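Next come the chains, spelled out residue by residue.
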Amino acid sequence: MTINDIKQRLEDGNERFIADKLDGKLNDTARRTELTKGQQPYAIVLSCADSRVVPELAFDTGLGELFVVRVAGNVANSSSIASIEYAVAHCGSKVIVVLGHQSCGAVTAAAAGGDNGYNLNHLLSHIAPALDATDDGADINTVVKKNAQLNATELINRSSIIRSFVEKGDVKILPAYYNLDSGKVDFL
Amino acid sequence: MNLELKNFTQTKTSQAALKARDAQEMLAEGNKRFLNKASLHRDLHSQIGDTATGQYPFAAVVSCIDSRIPTEIIFDQGIGDIFNARVAGNFVNEDILGSLEFACKLAGSKLIVIMGHTSCGAVKGACDHAKLGNLTAMLDKINPALAQVETAEGVDRSSKNLEFVNKVAIENVHLNIARLKEESPVLNEMINNGEIEVVGAMYDVATGKVSFL
């Protein structure tokens, strides 16, 4: 599959999801058995831990199609980056989707500020650059989109492995935005 | 029963009525449906509408990024049912603990599941002491589990020995449950108050079965 084929595959799957016509393919015993030998997922999705944003449903993919890294706010921290390096370097995945979503709770909490305790503060600090890059009082969804774009850039800035694949044209990073009220994924 | 479930989306009220053991039962039942090819064909479109303004997930799952383990599919859950953090090797770090604190304290989840799986690539990498970019530091998180699993003399401790790899994966789940309690005062307090529970689980990539530990 070329990078364009993969993007098309994701867009087609999302259209089926929106139309409530999932194929739901590649989830059976035969597929499981085939995959015990190994996996070669064509894409990686870095998305939020939110219960309403389920990449495999939103793109209508089955077993073995997508690597999915999830953390609140879809942030590129060192563990997300390492996970993605594994997918790119060892498994040949060609597309990385950084998927933010409408009304993200983590982005909302980061915008509200205040002390949320050590772990949440640590998480929310990753979202500060998106707040800095948008106007004070900007709409949350504007910050969400900026956050997806900045984390896409962060993958290249902080990983020489990902950067070299992108520079060679073997991997493409696509920031995207999931609409909670329609299920539609907009590539940014 | 299935007909009702099929059209059911969690609400604040339904979530509040659940205990941790109900949540575990719901996950076990969902995995059974997945295994029996009896997954529900939910009306996802109406679930999208129902959850657009809020989420009331009954459980939070920490699992691996492995493409063979789409969490919602193997537990047969719909939109808004489970909060899911995923990282290679399903360990907890500050950001995942922060995500779980969000899930339980702010979004009302009753159960945290830390789920490892057989033939885990990250665990294999740790067994082989692989070194590559940011991966090196990440695999260090799995080293304590590796050290904890004892083997008789002469037993292969590399990724070629799958039985060993799977033992390390189970130990890694146990150690991360302990780490969660130690490193998140927020979650630890909720556990001590009986508001939430934490359980470990293992997914078998060959059979599709989830076993709670």
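What this report covers is the structure whose coordinates are included nearby. None of the values given here were measured: they were computed from a predicted structure.

Before going further, it helps to examine the overall build of chain A. Across its full length, chain A carries 9 helices and 5 strands. Taken from N to C terminus, the helices and strands of chain A fall in the order α-α-β-α-β-α-β-α-α-α-α-α-β-β. In terms of overall dimensions, chain A is globule-like: its C-alpha atoms have a radius of gyration of 17 Å, near the 16 Å expected for 188 residues. For chain A, the spread of C-alpha atoms along the three principal axes comes to 50 × 40 × 30 Å. Residues classed as buried in chain A amount to 55% of the 188 residues present. Contacts in chain A between residues at least 24 apart in sequence constitute 70% of all its contacts with a sequence separation of at least 6. Split by element, the accessible area of chain A, about 7300 Å² in all, is 47% carbon and sulfur. With 18 positive and 23 negative side-chain charges, chain A shows a spacing of 6 Å between the two charge centroids.

Residues and elements named next belong to chain A. Applying the stated rule across the entire model yields 2 aromatic pairs over all chains. With a centroid separation of 6.1 Å and 75° between ring planes, the pair formed by F67 and Y86 is classed as edge-to-face. Residue F67 is located in strand β2 (residues 66-70), and its partner Y86 is located in helix α4 (residues 78-91); the two are separated by 19 residues in the primary sequence. Sitting over the ring of F165, K168 keeps its end group 4.7 Å from the ring centre.

Let us now look at the packing of helix α5 (residues 105-112) of chain A against helix α8 (residues 140-158) of chain A. All names here are of chain A. As a packed pair, α5 and α8 sit with axes 10 Å apart at the nearest point and diverge in direction by 110°. It follows from the interaxial angle that α5 and α8 lie roughly perpendicular. Between α5, through V107, T108 and A111, and α8, the contact on the second element is made entirely by I140, V143, V144 and N147.

All right, on to the layout of surface pockets then. Counted as a void, the largest pocket has a volume near 610 Å³. As for the largest pocket, its lining consists of 27 residues, and the residues nearest its centre are A:G24, A:N27, B:S39, B:L40 and B:H41. Those elements giving two or more residues to the lining of the largest pocket turn out to be α2 (29-35) and α3 (55-58) of chain A together with α3 (20-35) and α5 (71-74) of chain B. Of the residues belonging to the lining of the largest pocket, the class tally is 8 nonpolar, 8 polar and 11 charged.

A few words now on the pattern of salt bridges. For the coordinates displayed, the defined rule picks out 16 salt bridges over all chains. Residue B:E163 is joined to B:K167 by a salt bridge in which the shortest nitrogen-to-oxygen separation is 3.9 Å. You can see B:E163 and its partner B:K167 sitting in helix α10 (residues 162-183), 4 residues apart, about one turn around the helix. In this structure B:E163 comes out as exposed when scored by relative accessible area, which is 55%. A cluster of three or more residues bridged by salt bridges with shared partners is formed by A:R16, A:D23, A:K25 and A:D60.

Cut-offs and rules
- Residues numbered from 1 in each chain as written.
- Chains lettered and ligands numbered in written order.
- Predicted model: local features only at pLDDT ≥ 70, side-chain atom pairs only at ≥ 80, totals over all residues.
- Heavy atoms only, no water.
- Helix = DSSP H or I, 4+ residues; strand = E, 2+ residues; numbered from the N terminus.
- Rg over C-alpha atoms; globule rule 2.2 N^0.38 Å.
- Buried < 20%, exposed > 50% of the residue type's maximum accessible area, 1.4 Å probe, protein only.
- Contact = heavy atoms within 4.5 Å.
- Areas by Shrake-Rupley, 256 points an atom, 1.4 Å probe, with all protein chains shown as cover.
- Lys, Arg positive; Asp, Glu negative; His and termini not counted.
- Charge placed at Lys NZ, Arg CZ, Asp CG, Glu CD.
- Phe/Tyr/Trp six-rings, centres within 6.5 Å; stacked < 30°, edge-to-face > 60°.
- Lys NZ or Arg CZ within 6 Å of the ring centre and 35° of its normal.
- Axes fitted to C-alpha atoms, helices over the stretch in contact; angles between N-to-C directions.
- Parallel < 35°, antiparallel > 145°, perpendicular 65-115°, else oblique.
- 1 Å grid on protein atoms, 1.4 Å probe; cavity = no way out; pocket = protein on both sides within 12 Å on 5 of 7 lines; lining within 4 Å.
- Points joined across faces, edges and corners; volume = space filled by probe spheres on them.
- Nonpolar A, V, L, I, M, F, W, Y, C, P; charged D, E, K, R; others polar.
- Salt bridge = Lys/Arg side-chain N within 4 Å of Asp/Glu carboxyl O.

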